[in-house]
Amino acid sequence: MLMLKMLLFAALCVGSQGLKKLGAGTGPGQALDAMVDMASFGDYVYGAELGGNLKIVDVADKANPVELGEIPRGARGNARAVLVSGDLLYVAWRHAMVVYTLQNPAVPAVLNTFAPQDVSRSIDRGIAESAHHIYVAYMNKMTRLESFYVLTKGSLNLVGMYTPTLTTETDSLETMDMVHHDGKVYATRASVSHWRISTFLVSDPANPSLHAMKAIPDFGFGRIVH
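Each value, and the rule that gives it
- Residues numbered from 1 in each chain as written.
- Predicted model: local features only at pLDDT ≥ 70, side-chain atom pairs only at ≥ 80, totals over all residues.
- Heavy atoms only, no water.
- Buried < 20%, exposed > 50% of the residue type's maximum accessible area, 1.4 Å probe, protein only.
- Helix = DSSP H or I, 4+ residues; strand = E, 2+ residues; numbered from the N terminus.
- Pairing = 2+ DSSP bridges.
- Salt bridge = Lys/Arg side-chain N within 4 Å of Asp/Glu carboxyl O.

Chemist: Is there a simple way to explain the pairing of strand β5 (residues 54–58) in this structure?
Modeler: By the criterion of burial, β5 is predominantly enclosed, with four of the five residues buried. Of the strand pairs in this sheet, strand β4 (residues 44–49) and β5 are connected by five bridges, and their pairing is antiparallel. Considered in β5, the bridge of Tyr46 is made with Ile56. Here β4 hands over to β5 after four residues, with Gly52 in that stretch at a positive phi of 110°. When β5 meets strand β6 (residues 66–71), the two strands line up antiparallel, connected through five bridges. Paired with Lys55 across the bridge in β6 is Glu70.

Here you go:
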């Protein structure tokens with residue numbers, strides 16, 4: 001999906017003159033770093049760059065995309081994943097989930113923030129959504145156990161949480177991407193040596209549970225196209 005998103009961004013920025021690359025003179029940062037995730041809203045693209053900041057790009061003129069600015073990572077850590085739902089932008093920073101209103105798409109404004117009380121936890125990649133909820137995974141860097149959180153859309157109130165009790169259950173797996181479908185969240189998860197797809201049951205959002213894990217061949221960055 002990362003490659004797909006990169007290709008989609010390239011397609012947005014192509015015109016009669018061919019591919020237009022952001023460079024000097026196109027905006028505050030002058031050039032875009034590699035993106036780990038992207039989402040769009042109208043004529044705007046929000047990109048979590050490899051360097052950790054969130055870039056805001058105007059693609060109204062597809063042949064001449066313009067970087068409007070960025071939201072710096074700051075104390076929240078690197079931007080890990082982005083999702084647009086309605087007129088809200090969700091950004092999974094390493095240490096906090098933040099939702100922004102896009103009433104002014106060029107200048108997203110913070111609406112709400114969620115951060116677990118356990119400061120040793122950091123957000124892994126991937127955000128999933130359903131009609132009423134947001135799903136995200138946090139890794140405890142001390143125990144290497146990854147917890148699965150269910151939050152309300154908009155307010156980011158904690159609804160439910162699943163935390164494994166055995167390291168063998170997760171085997172230090174780190175979530176790379178996730179998607180919701182029909183009462184389940186499917187997450188691609190990776191360790192140094194292998195990949196798995198984990199399925200979480202979320203039909204009861206207050207009590208999410210791990211339903212199944214399936215080992216899969218190494219297939220790169222582990223993105224899901226849905």
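Chemist: Explain the pattern of salt bridges here, please?
Modeler: When the charged atoms of two side chains with opposite charge come close together, those side chains can pair. Following the criterion strictly, the structure yields three salt bridges and no others. Among the salt bridges present, the one from Lys55 reaches Glu67, with a minimum N-O distance of 3.1 Å. In this pair, Lys55 sits in strand β5 while Glu67 sits in strand β6, placing the two residues 12 residues apart along the sequence. We note that Lys55, like Glu67, is buried. Lys153 serves as the salt-bridge partner of Glu129, at 2.6 Å between the closest nitrogen and oxygen. Placement of the pair is Glu129 in strand β12 (residues 128–129) and Lys153 in the loop between β14 (146–152) and β15 (158–162), with a sequence separation of 24 residues. Three or more residues are tied together by salt bridges with common partners; here these are Lys55, Glu67 and Glu70.

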